[in-house]
Amino acid sequence: MRKSIIGISLVSLVGLSACGSSGLFDRDRPDEFAVSRQAPLVIPPDFALTPPQPGQPRPQTGGVQQQTLEAMFGGSQARSVTESAIVGQAGDADAGIRSSVGDAGTFTVDKGSVTRDIIAAPEGDGQAAQAATPE
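Please read all numbers here as calculations on a predicted model, not as lab measurements. (Residues numbered from 1 in each chain as written. Predicted model: local features only at pLDDT ≥ 70, side-chain atom pairs only at ≥ 80, totals over all residues. Heavy atoms only, no water.)

Caption draft 1: Geometry of the overall build of the protein chain. For the protein chain, the count of helices and strands is five helices and zero strands. Traced from its N-terminal end to its C-terminal end, the protein chain shows the element sequence α-α-α-α-α. Scored against the burial criterion, the 135 residues of the protein chain give a buried share of 0%. For the protein chain, the exposed surface amounts to about 13900 Å²; the carbon and sulfur share of it is 59%. (Helix = DSSP H or I, 4+ residues; strand = E, 2+ residues; numbered from the N terminus. Buried < 20%, exposed > 50% of the residue type's maximum accessible area, 1.4 Å probe, protein only. Areas by Shrake-Rupley, 256 points an atom, 1.4 Å probe, with all protein chains shown as cover.)

Shown next, in the form of structure tokens:
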């Protein structure tokens, strides 16, 4: 009988120590008085919106290609002063330039590895420059 009383009192002591703020079973609890309700979200009215006309296309749908371009580049942007000056100096392009560039009859020069080697050459003052011809 004495052992059961000691056992019950120890279990009660451990159980009651969990209710305290210090000791073996210390836990961090939220402060129930610090909790407050958030105000509900309110959507302000937009008086500039007009109802759609029957049969008219939706304003946000301009075609898949147009939506893709706007998603990638953010829509049309105004040109800067520098860009406008460069485009103005370049002049008008030939209307059929895109079709003639990829044509097999268009004369092109393959500059090959020589130009690549010249561009990749280290910068220097030119005093120790040498030229060699391939054999």
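Let us keep going from here.
Caption draft 2: Structural detail: the confidence of the model for the protein chain. On average, the protein chain scores 76 in pLDDT, and the residues at 70 or more come to 87%. Considering each helix and strand of the protein chain separately, the mean pLDDT is smallest for helix 4 (residues 97-101), with a value of 73, and largest for helix 3 (residues 81-90), with 88. (pLDDT = per-residue confidence, 0-100.)

Caption draft 3: Spatial organisation of the pattern of salt bridges. In this structure the tally under the stated criterion is one salt bridge. For R79, the salt bridge goes to E83, with nearest N and O atoms at 3.8 Å. Taking relative accessible area as the criterion, R79 reaches 53% and is therefore assigned exposed. The class of E83 is partly exposed, set by a relative accessible area of 38%. (Salt bridge = Lys/Arg side-chain N within 4 Å of Asp/Glu carboxyl O.)

Caption draft 4: Molecular detail of a nonpolar patch on the surface. There is a patch of nonpolar side chains on the surface, built from I6, L10 and L13 and spanning about 300 Å² of accessible area. With respect to the helices, strands and loops of the structure, L10 is situated in helix 1 (residues 2-17). (Patch = residues over 30% accessible without salt bridge, like charges linked within 9 Å, V, L, I, M, F, W, Y side chains within 5 Å.)

Caption draft 5: Local environment of helix 3. The element helix 3 is barely covered by neighbouring structure, given that only zero of its ten residues are classed as buried. A positive phi of about 85° marks G91, the residue just after helix 3.

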